[in-house]
Amino acid sequence: MSFYNEIQKYNWEEVRKQIYSKTEADVKRALEKEKIDLHDFQALISPAATACLEAMAQKSKQLTQKRFGKCIQMYIPLYISNSCTNTCVYCGFNHKNKFDRKILTSKEIKQEAEEIKKLGFEHILLVSGEDQKNCGCDYIGEMMDSIKDQFSLISLEAQPLSTDEYEKLTHKGLNTVYIYQETYNETNYKKYHPAGKKSNYQYRLETPDRLGEAGVHKIGLGCLLGLEDWRVDTFFTALHLQYLEKKYWKSKYSISFPRLRPHAGGFQPNYETTQKDLAQLITAYRILNHHIEISLSTRESEKFRDNMLQLGATSYSAGSKTNPGGYTNAKESLEQFSVNDDRSPSEIAKMIQTNGYEVVWKDWDNFMQQ
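Only a predicted model underlies this, so the values are computations on that prediction, with no experimental measurement involved. (Residues numbered from 1 in each chain as written. Predicted model: local features only at pLDDT ≥ 70, side-chain atom pairs only at ≥ 80, totals over all residues. Heavy atoms only, no water.)

This part takes up the overall build of the protein. Check the secondary structure of the protein and you find 15 helices and 9 strands. The C-alpha atoms of the protein give a radius of gyration of 20 Å, which matches the 21 Å a tight globule of 370 residues would have. In terms of overall dimensions, the protein has C-alpha extents of about 60 × 45 × 40 Å along its principal axes. For the protein, buried positions account for 60% of its 370 residues. With an accessible surface of roughly 15600 Å², the protein has 47% of that area assigned to carbon and sulfur atoms. (Helix = DSSP H or I, 4+ residues; strand = E, 2+ residues; numbered from the N terminus. Rg over C-alpha atoms; globule rule 2.2 N^0.38 Å. Buried < 20%, exposed > 50% of the residue type's maximum accessible area, 1.4 Å probe, protein only. Areas by Shrake-Rupley, 256 points an atom, 1.4 Å probe, with all protein chains shown as cover.)

What follows concerns the pairing of strand 5 (residues 218-221). Residues K218 and G220 line one face of strand 5 and the alternating positions I219 and L221 line the opposite face, and both faces are buried. As judged from the 4 bridges shared by strand 5 and strand 6 (residues 252-256), these two strands associate in the parallel manner. Along strand 6, the bridge assignment pairs I219 with Y253. Since strand 5 and strand 6 lie parallel, the crossover through helix 12 (residues 230-247) that links them has a hand, and here it is right-handed. (Pairing = 2+ DSSP bridges. Right-handed = clockwise from strand over helix to strand, strands pointing away.)

On to the side chain of Q42. Mapped onto the fold, Q42 is located in helix 4 (residues 38-44). By relative accessible area, which is 2% here, Q42 ends up buried. In this structure Q42 touches V15, Q18, I19, K22 and F235, once residues within four positions along its chain are discounted. (Contact = heavy atoms within 4.5 Å.)

Position of D342 relative to the elements: it lies in the loop between strand 8 (315-317) and helix 15 (345-354). By relative accessible area, which is 62% here, D342 ends up exposed. C-alpha separation for the pair D342 and E302, spaced 40 residues apart in sequence, amounts to 8.1 Å.

With that settled, the discussion passes to the packing of aromatic side chains. The geometry of two aromatic rings is summed up by the distance between their centres and the angle between their planes. This model, assessed by the stated rule, comprises 12 aromatic pairs. Each ring, one from F3 and one from Y243, has its centre 5.4 Å from the other, and the planes form 50 degrees; the classification is tilted. Of this pair, F3 sits in helix 1 (residues 3-7) while Y243 sits in helix 12, placing them 240 residues apart in sequence. Considered together, F3 and Y243 belong to a single accessibility category, that of buried residues. Ring geometry for F41 versus Y285: centroids 5.0 Å apart, planes at 70 degrees, classification edge-to-face. One end of the pair, F41, is in helix 4; the other, Y285, is in helix 13 (residues 275-288), and 244 residues separate them in sequence. There is no split in this pair, since F41 and Y285 are both buried. Cluster of aromatic residues (ring-pair linked, three or more members): Y10, W12, F235 and F236. The cationic tip of R67 hangs over the ring face of F68; the distance from NZ or CZ to the ring centre is 4.6 Å. A cation sits over an aromatic face here: K117 above F151, 5.5 Å from the ring centre. (Phe/Tyr/Trp six-rings, centres within 6.5 Å; stacked < 30°, edge-to-face > 60°. Lys NZ or Arg CZ within 6 Å of the ring centre and 35° of its normal.)

Below, the structure written as structure tokens:
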């Protein structure tokens, strides 16, 4: 049994109708509850909730500070490769895009790490295109070995691996794995992922199950906003989250809300997700799950990230480069997507502190899981 078996119980169109049938009265009833269920969550992400956004924001703020205090965790992505065998129509790393591919060597990742350390980071996220042959488990393990002494926490965002491979990397010190389904719409999934291993909807969907079986400390979920109706996709993300928390209760969980950004190839979103929509979504998730870590990346604008600081987000990236070698030679390789908030880590830290929050550079040590 996996989440694939669970999601087969639901029909995309029926869920969509349920969400769009919610009323303002349903929203207000949800806001009065101490603990809501998925039916209440549907109300909070429905069009009817737009009249209650201020009340949602205030409740989200209260719940976030109660659980996390006034602290914001800082992290930074380190792209180790843009080599990819998939043909995702929305991604700059698409195998069909013609450009020189870059796979960092052990020496090059150490140089990148040195530049990142100068910025103050202790938490690092290794990101790679999906190329099992050239950037598989052994390569990822080698890259981790090259830098693990410099960082207190290493996370990963790469192609899905087997349970055994995740166990192997966990023993090397891997703490967190982020894996995004992109869209839970199985009917349209193939349209966005026409070729490559990622075109296998079920295999990708079952990746968090393998992470849970491997005992990974923290699992990150999300869907790519802009492919399908964000209200429906994010309902299924919430369903996925609740399934995982119940089955793999020893793991912690994080959620992200990546919106489509400009990239090589120029794919345009099918469904617009505005900043107002994203604010509604973040506050709804906080009201549904008081303990989930919510990440907000540099895909979003300065103003939006500043405004969301107090309303639900707990983790911010800063100074991000989305191309391999970007911290030592920014123009050397193609980026996955363009960054929106290009402020330096020190500028982001100052903004956080000015708003009365504490900047957390380190809250975990690798030795804790050895």
